[in-house]
Structure formats: structure tokens, C-alpha cells
Amino acid sequence: MSNDGGSDVVPGREEAGYDDSTAPSGGFRKGSFGVTGSGDTSGFGGLVRVEPGGAVALHSTDRPYGGWFDEVTDALIEAVGEATYAAAVQRVLVDRGEITYFVAREHLLTLVQPLRDDEALRFELCSSVSGVDYLDSGGPAVAPGRPRLHVVYHLTSMTYRRRIRLEVAVSAEDPHVPSVTGIYPTADWHERETWDMFGIVFDGHPALTRILMPDDWDGHPQRKDYPLGGIPVEYHDATIPPPDTRRAYR
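Analysis parameters
Residues numbered from 1 in each chain as written. Predicted model: local features only at pLDDT ≥ 70, side-chain atom pairs only at ≥ 80, totals over all residues. Heavy atoms only, no water. Phe/Tyr/Trp six-rings, centres within 6.5 Å; stacked < 30°, edge-to-face > 60°. Buried < 20%, exposed > 50% of the residue type's maximum accessible area, 1.4 Å probe, protein only. Lys NZ or Arg CZ within 6 Å of the ring centre and 35° of its normal. Core = buried A, V, L, I, M, F, W, Y, C linked by side-chain atoms within 4.5 Å. Contact = heavy atoms within 4.5 Å. Helix = DSSP H or I, 4+ residues; strand = E, 2+ residues; numbered from the N terminus. Pairing = 2+ DSSP bridges. Salt bridge = Lys/Arg side-chain N within 4 Å of Asp/Glu carboxyl O.

Visitor: Residue-level account of the packing of aromatic side chains, with values.
Guide: If you walk through the whole model with that rule in mind, you get one aromatic pair. With a centroid separation of 4.6 Å and 75° between ring planes, the pair formed by W68 and F69 is classed as edge-to-face. Classification of W68 as partly exposed rests on a relative accessible area of 25%. The exposure class of F69 is buried, given its relative accessible area of 8%. Its end group placed over the ring of F102, R91 keeps NZ or CZ at 3.9 Å from the ring centre.

In C-alpha cells, the structure reads:
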């Protein structure tokens, strides 16, 4: 209660960033958990998150990228041709000393082959294939058909001691990406795990089966809309509800 008898005010609420603006608005959300009406006990009150789909559409690093990033980009353009590069690469992001090429899935293999074989590139090793689900990252409601599922590839050049990242985005309604196992055999089990956890189908994979969950498991556990499940737990006369019924997860 305020000193003048007015409405209730939580001390430190505004300073912590927990007011009505913490709710999703304009593609942004403040705070870590979207909590309103209380002080910041998480330490993340000043955090501002942006919906990744909007970030993909809005931002691309301008050239020159700096360092060897321009050498790799020029060599890739020369290898596949300017028209193919322009159609394949949707944007390029340079951040924290790393470069990421966002690639249209239909052109993925067209880029990956010269990245491995071209003498000026020589990214001989695919060290990682993983998935990300951007269902809800503090932005507006997810529209059907939005490419919320991302496949991330880390390619390493042992010849030139360089590493780049490729990223392909697909929708949950059409989660198909060409398999790179024909070019990078090391991607075999990585793609299986990404299929198992995220439900991304790698077309052309020699044996796309589950690798962590049982073969008859229903769903893909690392998707953001996968039910958390659980059972109530009683401890010292208190009942702890299952995760999917707790306020912070709803």
C-alpha cells in the first residue's frame, strides 16, 4: 500500500523492469520469465528478448565482414556463382568472432559440396548438427507455417584452421531438410538425434531412426510444445505439482 493510501505498489517493481511492459509486445519481452506484479528475484529483470523469426528477417551483417570471413565468402561465391549464392544465402550474421550463413534448405547441398571440396575452402569436417525450436522466445504468437525449427551445422577446416556455421530454418508443418550424410558421413548420428529430439526429417538419410528414445516413443522431447508431464510429489506435508501445471511453465 502506498503512503498516501493509494493503490498497492510493489517496492522496486519499476526499477527491476517488472511492470505491464514485461508482457509480449511488439516482438519483445522484458525479464526472464515474463512475470508481472512482483519484484525481480531472478536477476534477469533487465533482460530484453526478441522473437528470433523477426530477427532473422530484419538483420544481416554488412560487408566487409572482417578477417578471413570475407575470404571464405568470396571463395564460396566464386565456387557456386553469384546467382546461386544470392538465392541460397538468406542472410549472414557476424557476431562474437563467429560467422553464420542462413541457408535456404533447397540449396543446402549445393553449398555444402564446394565448402568441403573447393581448394580455397576445405571445410573437411562437419563437427556438429543440432536443432533449435524457437516456438516462443518472448515475441508475438507463433503463426502456422513460421520456420520455428532450425538446423545448425558447424563446419571445420582443418587445412586453414577455420570454423563456420550454417543454419537452415523450416516450419513444424513441413520439417524436411536434405541429409548431408552423403557429403559428411559424420552427420549420420547427429541427424538421427536431431530427428529424435526435434522431429526434423532429413531426406536421404540412410537410416533415420531414433537414437535416444525408444522406437515407439510418441513425439519429440526437445520441441517447446512437448508436454513436460510429471507427477505430484509430496514432501514435508507440501505438495509440489507436476512441471506442466506450474505457473512459470504455462
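Visitor: Which residues make up the nonpolar core, and what values do they have?
Guide: Counting 39 residues, the largest nonpolar core has Y101, Y153, L166 and V177 as its most contacted members. Sequence-distant contacts of V177, that is, excluding residues within four places in its chain, are made with L108, V151, Y153, V168, V170, I200, V201, F202 and D203.

Visitor: A description of the pairing of strand 6 (residues 149–157) should follow, citing residues and the corresponding values.
Guide: Of all nine residues in strand 6, nine are buried, a share of seventy percent or more. Of the two faces of strand 6, the one holding L149, V151, Y153, L155 and S157 and the one holding H150, V152, H154 and T156 are both buried throughout. With eight bridges connecting them, strand 5 (residues 125–133) and strand 6 associate as antiparallel partners. Looking at strand 6, one finds that L125 is bridged to T156.

Visitor: Lay out the pattern of salt bridges in plain terms, naming residues and giving numbers.
Guide: Here the structure, examined in full by the defined rule, presents ten salt bridges. Its salt-bridge partner being E71, residue R162 comes within 2.9 Å of it at the nearest N-O pair. Here E71 lies in helix 2 (residues 69–80) and R162 lies in strand 7 (residues 162–170), a separation of 91 residues in the sequence. Residue classification places R162 among the buried positions, given a relative accessible area of 14%. The exposure class of E71 is partly exposed, given its relative accessible area of 47%. A salt bridge links R96 to D95; the nearest nitrogen and oxygen atoms lie 2.4 Å apart. Residue classification places R96 among the exposed positions, given a relative accessible area of 74%. Sharing partners across several salt bridges, the network here consists of R63, D70 and D74.

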